[in-house]
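Chain by chain, the residues:
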Amino acid sequence: MTSAASTAASTRIALRGDLLDFSANPAWGDVDSSAVRFRADHWLLVEGGRIAGVQADTPDASWERHDHRGRLILPGFIDTHVHSPQLDVIASYGTELLDWLNNYTFPAERRYADPAQAERGAALFLDALLAHGTTAAVVFPTVHKVSADALFAAAQQRGMRLIAGKVLMDRHAPDGLRDDVAQAERDCIDLIDRWHGTDRLAYAVTVRFAPTSTPAQLAMAGALCAADASLYMQTHVAENRAEVEWVRELFPEARSYLDVYARAGLLHARSVLAHGIWLDADDRAALRDSGAQLAHSPSSNLFLGSGLFDWRAAEASSAAVSMASDVGGGTSLSMQRTLADAYKIQALAGQRLTAWKGLYTATRGAARALGLDAEIGSLDTGRLADVCVWDWAAGPVAQARMEVARGLHERVFAWMTLSDERNLVEAYVAGRATQKST
Ligand code: GUN
Ligand code: ZN
């Protein structure tokens with residue numbers, strides 16, 4: 001049986017399909033990983049918005065049954081670094097990071113001072129995330145308090161897990177995009193009071209990147225983190241060579257770009273640092289010791305010509321790595337497209353990203369790095385039912401490829417590489433259908 005209406009979180013629903021999730025982090029290159037849980041043609045039981053179990057037998061009629069036989073069911077994707085106002089600049093031609101910010105991104109972000117634009121943009125962005133199978137995200141809005149308020153309100157309406165915060169920048173940004181330390185601190189405190197820990201929302205102290213904050217603002221951000229260990233922190237680090245050089249000039253006392261953040265008290269277990277391409281071994285050790293994570297953003301790194309992330313080195317030093325679209329530097333909100341780009345970057349380094357490691361990183365791995373694995377990232381009993389139903393193939397090319405795929409990894413790898421939002425059948429947030437209802 002299928003339902004036309006979106007499913008209330010209080011009902012009992014059962015989704016039939018090929019269930020795929022992970023019990024642990026699959027090892028590099030291991031295509032037969034014991035961390036993979038693939039349960040072909042099973043039922044996922046969801047009660048009160050949470051996963052209640054998995055079974056092979058058809059559940060009784062007290063469950064609202066959604067028969068997705070022959071489709072793939074995964075935990076919803078978690079995008080650990082993405083910019084909500086940058087849908088407006090996605091696919092902008094011709095620049096590396098610093099010119100891209102000045103020519104495209106900063107002008108677009110200025111529009112978010114307008115509450116109507118902030119509200120419209122937040123709704124468009126979150127609906128787009130869900131339409132790509134991303135049910136949780138770590139998000140940069142803009143410097144304007146209203147843009148953070150609008151984003152949190154829109155996520156709350158949708159029942160989504162969202163981590164975000166007003167962007168801090170008090171220098172090296174154009175008029176209309178700068179705050180100051182005192183006002184920024186007041187805005188952060190207000191937003192934390194209103195949103196941090198409300199429903200599924202959490203606040204991230206959001207330093208855009210070291211060049212756009214004065215040392216005084218970095219210190220204020222560090223003090224906020226020190227005052228409440230449950231706050232997240234998000235920023236960019238070591239993305240582009242000209243940016244790294246600029247940071248060296250601005251902060252001559254710091255050992256490295258990452259060290260600028262460490263000295264300000266911004267490196268901790270809830271820190272999410274995008275990129276981390278131009279790091280050294282000491283930086284990686286500092287990441288490991290702090291428990292901070294790198295949000296690897298492969299599509300953005302290729303599009304902006306930033307560089308090739310050394311994932312194996314990060315993992316060898318036990319630094320946590322999650323997966324991010326970084327739209328609008330990245331060119332798609334699709335986490336499958338993001339993973340396909342990640343595979344290609346590793347291939348250039350002579351390494352192969354298995355489908356298992358890629359999909360783990362975009363689900364349970366991200367949840368774990370964010371300290372949210374008791375809530376999301378897997379199909380374990382008790383987790384909130386943020387899950388997506390996908391077609392194995394969209395279109396005749398993928399269909400033909402699937403038909404000749406031998407073995408599970410080959411099939412799932414082809415899916416990861418060829419699929420995108422066209423394959424999405426339904427995205428459930430806490431057991432509530434958000435998309436098409438089949
Ligand atoms: N560094 C500082 N701001 C940004 C941004 O908006 N996107 C990317 N990719 N890098 C940044
Ligand atoms: Zn970014």
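Let us look at the structure shown here. None of the values given here were measured: they were computed from a predicted structure.

**Observations concerning the nonpolar core**
Turning to step 1, where the next piece is worked out: Ranked by internal contacts, the top residues of the largest apolar core, which has 108 residues, are Leu162 and Leu273.
Turning to step 2, where the next piece is worked out: Core analysis: the next-biggest nonpolar cluster, separate from the first, contains 15 residues, Ile78, Val138, Ala202 and Leu370 among them.

**Notes on the site of ligand 1**
Turning to step 1, where the next piece is worked out: With respect to spatial proximity, the complete set of residues near ligand 1 consists of His83, Gln86, Leu97, Trp100, Leu101, Arg208, Phe209, His236, Glu239, His275, Ser300 and Asp326.
Turning to step 2, where the next piece is worked out: Between ligand 1 and Gln86, the relevant distance is 2.9 Å, taken from an oxygen atom to a side-chain nitrogen or oxygen of the residue.
Turning to step 3, where the next piece is worked out: With respect to ligand 1, the side chain of His236 contributes an N or O atom lying 3.5 Å from a nitrogen atom.
Turning to step 4, where the next piece is worked out: The pocket occupied by ligand 1, as judged from atoms lying within 2 Å of grid points, is the largest cavity.
Turning to step 5, where the next piece is worked out: The dominant element in the shell around ligand 1, judged by the number of residues it contributes, is helix H1 (residues 97-110), at three residues.

**What to know about the packing of aromatic side chains**
Turning to step 1, where the next piece is worked out: Taken as a whole and assessed by the stated rule, the structure comprises 11 aromatic pairs.
Turning to step 2, where the next piece is worked out: Ring centres of Trp28 and Trp311 lie 5.4 Å apart, and the angle between their planes is 85°; this geometry places the pair in the edge-to-face category. Placement of the pair is Trp28 in the loop between strand S1 (12-22) and strand S2 (36-47) and Trp311 in helix H10 (residues 311-316), with a sequence separation of 283 residues.
Turning to step 3, where the next piece is worked out: Taking the relative accessible area as the measure of exposure, Trp311 reaches 1% and is therefore buried.
Turning to step 4, where the next piece is worked out: Ring pairing ties together the aromatic residues Phe22, Trp356 and Tyr360, which thus form one cluster.
Turning to step 5, where the next piece is worked out: The lysine or arginine in question, Arg270, covers the ring of Tyr232, its NZ or CZ lying 4.5 Å from the ring centre.

Criteria and thresholds
- Residues numbered from 1 in each chain as written.
- Chains lettered and ligands numbered in written order.
- Predicted model: local features only at pLDDT ≥ 70, side-chain atom pairs only at ≥ 80, totals over all residues.
- Heavy atoms only, no water.
- Core = buried A, V, L, I, M, F, W, Y, C linked by side-chain atoms within 4.5 Å.
- Buried < 20%, exposed > 50% of the residue type's maximum accessible area, 1.4 Å probe, protein only.
- Near = heavy atom within 4 Å.
- Polar contact = N/O pair within 3.5 Å; in protein donor to acceptor, adjacent residues only side chain to side chain.
- 1 Å grid on protein atoms, 1.4 Å probe; cavity = no way out; pocket = protein on both sides within 12 Å on 5 of 7 lines; lining within 4 Å.
- Sits in = over half its atoms within 2 Å of the grid points.
- Helix = DSSP H or I, 4+ residues; strand = E, 2+ residues; numbered from the N terminus.
- Phe/Tyr/Trp six-rings, centres within 6.5 Å; stacked < 30°, edge-to-face > 60°.
- Lys NZ or Arg CZ within 6 Å of the ring centre and 35° of its normal.

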